[in-house]
Amino acid sequence: MNIEYKTFKNKEVTVTYDPRKCELSGTCSKELSDVFSDSIIPWVNLENTETEKIIKQIKKCPSGALKFRLREKATY
Ligand code: SF4
């Protein structure tokens, strides 16, 4: 399956996913499956949990494929 670079947003954060960097380790989908799915494309649903949890999970991405930018003045 050819997955393109994607951008996802909720009110607080913008999340980007770069498939060229993804190691397909599944860390994100195993640890926070409400947000990151390995079976549904697009597979990042930012409406399913708090932004703080999403950011914590993105920081664990080993490859840097997932990145985030805060959209409002929030600190995590
Ligand atoms: S944690 Fe990062 S490297 Fe692992 S599957 Fe998710 S996006 Fe890819």
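Look a little higher up for the structure.
Quantities reported herein were computed from a predicted structural model and do not represent experimental measurements. Per-chain numbering applies: the sequence of each chain, read as written, is numbered from 1 onward. With pLDDT at 70 or above as the cut-off, local features in this predicted model cover only qualifying residues; side-chain atom pairs require 80 or more to be listed or tallied, and sums for whole chains, interfaces and linings still use all residues. Side-chain metrics rest on all non-hydrogen atoms present in the structure, leaving aside hydrogens and water.

(A) Structural context of the pattern of salt bridges. Any Lys or Arg side-chain nitrogen found within 4 Å of a carboxyl oxygen on Asp or Glu counts as a salt bridge. A full pass over the atoms with the stated rule returns four salt bridges. Note that Lys 60 is salt-bridged to Glu 31, the shortest N-O span being 3.0 Å. Separated by 29 residues along the polypeptide, Lys 60 in the loop between helix 2 (51-59) and strand 3 (66-70) and Glu 31 in helix 1 (residues 27-31) bring together distant segments of the chain. Remark: exposure states derive from per-residue accessible area (1.4 Å probe, protein chains only) relative to the maximum for the residue type, with buried under 20%, exposed over 50%, and partly exposed in between. On the basis of relative accessible area, Lys 60 is assigned to the partly exposed category, the value being 48%. Here Glu 50 ties to Lys 53 by a salt bridge, and the two come within 3.6 Å at their closest N and O atoms. Accessibility expressed as a relative area gives 44% for Lys 53, which makes it partly exposed. Going along the chain from the N terminus, every DSSP run of H or I of four or more residues is numbered as a helix, and every run of E of two or more is numbered as a strand.

(B) Representation of the environment of Thr 7. Along the chain, Thr 7 falls in strand 1 (residues 6-9). Its relative accessible area of 45% is what places Thr 7 among the partly exposed residues. Residues Thr 7 and Lys 67, spaced 60 residues apart in sequence, show a C-alpha to C-alpha distance of 9.6 Å. Excluding anything up to four places from it in sequence, Thr 7 contacts Thr 14, Val 15 and Thr 16. Any two residues whose heavy atoms approach within 4.5 Å at even a single point are treated as in contact.

(C) Quick peek at the environment of Thr 49. Inspection of the secondary structure assignment puts Thr 49 in the loop between helix 1 and helix 2. Here the alpha-carbon distance between Thr 49 and Val 35, two residues 14 residues apart in the chain, equals 7.0 Å.

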